[in-house]
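Breakdown of the fold
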Amino acid sequence: MSDHLLEVKDVTKVFRIGGLLFGTELVAVDNVSLSLAKRAPSILSIVGESGSGKTTLAKIILKLQEPTSGDVLLEGKSIFGCHLNRDRLAYYRAVQPIFQNPFETFSMRKCVDSYLYDTALNLKVAKGRKAARDIVADALSSVGLDIKGVAGKYPNQFSGGELQRISVARGLIPRPKLIIADEPVSMIDASLRMNIVNMFLSLKEKYNVSFIYITHDLSTAYYLSDYVAIMYRGNIIEYGSSDQILTNPIHPYTELLLNSVPTIGKKWERNLRLSNIELRDDKNTACKFASRCPFVQPVCRQNKPPAVQVPGEREVLCFKPVDYALDRTTLDQGSEKLTTRRWISLGDGSC
Ligand SMILES: Nc1ncnc2c1ncn2[C@@H]1O[C@H](COP(=O)(O)OP(=O)(O)OP(=O)(O)O)[C@@H](O)[C@H]1O
Ligand SMILES: [Mg+2]
């Protein structure tokens with residue numbers, strides 16, 4: 001039996017853009033590996049700017065898209081290996097999505113409670129509507145809502161925050177082991193965001209459910225998660241515990257993010273938009289961040305960076321020094337001092 005609830009193994013997703021003759025390929029997810037342990041529920045945040053591949057990765061984990069290569073394992077078993085309805089049912093009992101826009105999750109022409117009943121019946125959590133009512137009521141109460149206040153109402157009769165709670169309740173119906181929440185608070189009023197984020201924390205403890213929380217918002221990621229994976233142009237460029245990554249980042253891109261996103265909910269595209277040059281060399285064989293990196297070295301333009309294991313379950317895709325902690329104090333004093341940090345030796349004297 002696997003020790004992992006979820007394992008994402010070397011997953012790559014390539015999209016073909018344009019026609020067969022003049023089209024090009026876009027690597028949306030590039031050789032990503034991640035795992036969630038089974039022993040205790042945990043929250044992993046996947047953080048990255050727009051277009052970094054977060055949703056594509058989420059869709060692959062949710063079986064909504066197949067990877068070009070690589071595999072996803074739930075409790076040791078490939079989720080793509082079998083297409084039987086029985087397996088599909090088992091999968092969606094264990095893994096549930098929460099999407100970004102609650103107003104798109106529910107049709108305006110259907111009462112929202114009917115979605116909850118459908119979920120209970122379709123996933124065979126309840127045998128009939130009467131049994132489903134108890135399950136729906138229970139799921140709603142676990143997100144702080146009363147079934148009487150929800151029954152028979154349409155989406156436009158709720159606020160965004162309430163609707164997102166209802167969509168969390170829908171996800172809880174099969175008592176999943178894992179919830180994949182793709183930017184679940186970005187469309188919600190700032191004042192209500194922390195309610196939802198706090199709710200995830202209490203659901204994790206109460207129902208033993210793990211979360212993959214996808215966001216562009218480092219503040220909620222830091223607050224909520226046990227682990228953080230930073231995505232950049234399809235790669236996970238830094239992974240580790242949220243404390244380590246957000247208080248003592250190693251990758252220059254993580255540092256840039258931390259310095260440029262002081263406020264909740266602010267997207268990064270304005271400060272960190274990819275230049276045309278970067279978009280053109282999408283299939284480069286060097287570090288994808290080289291053209292934006294303040295610490296770029298010749299080696300970064302020649303070789304792909306290694307995945308460096310740093311003590312404390314951390315991994316960084318960078319040639320940067322592993323003894324970063326020694327230099328942290330100088331880092332805080334001024335950016336020019338960063339260049340004095342030591343670099344990993346490739347053994348060929350190139351850096
Ligand atoms: N079906 C598709 N066909 C072609 N390209 C796609 C497709 N889906 C996504 N992409 C491209 O893949 C890249 C990653 O997209 P993705 O939606 O995963 O990013 P994201 O990190 O979720 O961004 P955002 O923060 O804006 O939601 C983007 O360049 C996007 O244009
Ligand atoms: Mg997205």
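Fair warning: this is a prediction, and the values are worked out from it, not measured in the lab.

**Regarding the packing of aromatic side chains**
Each pair of aromatic rings is reported with the distance of its centres and the angle of its planes. All told, the structure shown has 8 aromatic pairs when counted by the stated rule. Between the aromatic rings of phenylalanine 106 and tyrosine 115, the centroid separation amounts to 5.1 Å while the plane-to-plane angle is 85°, which identifies the pairing as edge-to-face. For phenylalanine 106, a relative accessible area of 2% translates into the label buried. Taking 5.3 Å as the distance between ring centres and 70° as the angle between the ring planes, the aromatic pair formed by tyrosine 253 and phenylalanine 289 counts as edge-to-face. Taken as a pair, tyrosine 253 in helix α11 (residues 252-260) and phenylalanine 289 in the loop between α13 (276-280) and α14 (298-302) lie far apart in primary sequence, 36 residues in all. By the burial criterion, tyrosine 253 is buried, and phenylalanine 289 matches it. One aromatic cluster is present, formed by Phe200, Phe211 and Tyr213 through successive ring pairs. Across the ring face of tyrosine 115, the terminal group of lysine 110 is positioned such that the distance to the ring centre comes to 4.5 Å. Just above the ring of tyrosine 117 sits the side chain of arginine 129; from NZ or CZ to the centre is 3.9 Å.

**A short note on the site of ligand 1**
The full set close to ligand 1 counts 13 residues, and Ser50, Gly51, Lys54, Thr55 and Thr56 are the nearest of them. Between ligand 1 and the protein, one listed contact pairs an oxygen atom with a side-chain N or O atom of lysine 54 at 2.7 Å. Considering each element in turn, the shell around ligand 1 owes the most residues, 3 residues, to helix α1 (residues 54-61). In terms of residue class, the shell around ligand 1 is made up of 3 nonpolar, 6 polar and 4 charged.

**Quick notes on the environment of glycine 152**
As for its position among the elements, glycine 152 is in the loop between α6 (147-150) and α7 (160-172). For the pair glycine 152 and aspartate 113, spaced 39 residues apart in sequence, the C-alpha separation works out to 6.7 Å. Each residue touching glycine 152, except ones within four places of it in the same chain, is listed here: Cys111, Asp113 and Gln157.

**Some remarks on the sheet that holds strand β5 (residues 77-78)**
Strand order in the open sheet made by the 4 strands is β2-β1-β4-β5, with antiparallel pairing throughout. One side of each edge strand has no neighbouring strand; the edge strands of this open sheet are β2 (24-37) and β5. Judged from the 5 bridges that link them, strand β1 (residues 4-17) and strand β4 (residues 69-74) form a sheet pairing that is antiparallel. Following the sheet pairing, leucine 6 is matched in β4 by leucine 74. Helix-sheet contacts for α1 involve β1, β2 and β4, and the interaxial angle to β1 is about 120°.

**Brief notes about the pattern of salt bridges**
Taken as a whole, this structure holds 10 salt bridges when the rule is applied. Where aspartate 138 meets arginine 175, a salt bridge forms, and the shortest distance between an N and an O atom there is 2.9 Å. One end of the pair, aspartate 138, is in helix α5 (residues 129-142); the other, arginine 175, is in the loop between α7 and β7 (178-182), and 37 residues separate them in sequence. For arginine 175, a relative accessible area of 38% corresponds to the partly exposed category.

Rules of the game
Residues numbered from 1 in each chain as written. Chains lettered and ligands numbered in written order. Predicted model: local features only at pLDDT ≥ 70, side-chain atom pairs only at ≥ 80, totals over all residues. Heavy atoms only, no water. Phe/Tyr/Trp six-rings, centres within 6.5 Å; stacked < 30°, edge-to-face > 60°. Buried < 20%, exposed > 50% of the residue type's maximum accessible area, 1.4 Å probe, protein only. Helix = DSSP H or I, 4+ residues; strand = E, 2+ residues; numbered from the N terminus. Lys NZ or Arg CZ within 6 Å of the ring centre and 35° of its normal. Near = heavy atom within 4 Å. Polar contact = N/O pair within 3.5 Å; in protein donor to acceptor, adjacent residues only side chain to side chain. Nonpolar A, V, L, I, M, F, W, Y, C, P; charged D, E, K, R; others polar. Contact = heavy atoms within 4.5 Å. Pairing = 2+ DSSP bridges. Axes fitted to C-alpha atoms, helices over the stretch in contact; angles between N-to-C directions. Salt bridge = Lys/Arg side-chain N within 4 Å of Asp/Glu carboxyl O.

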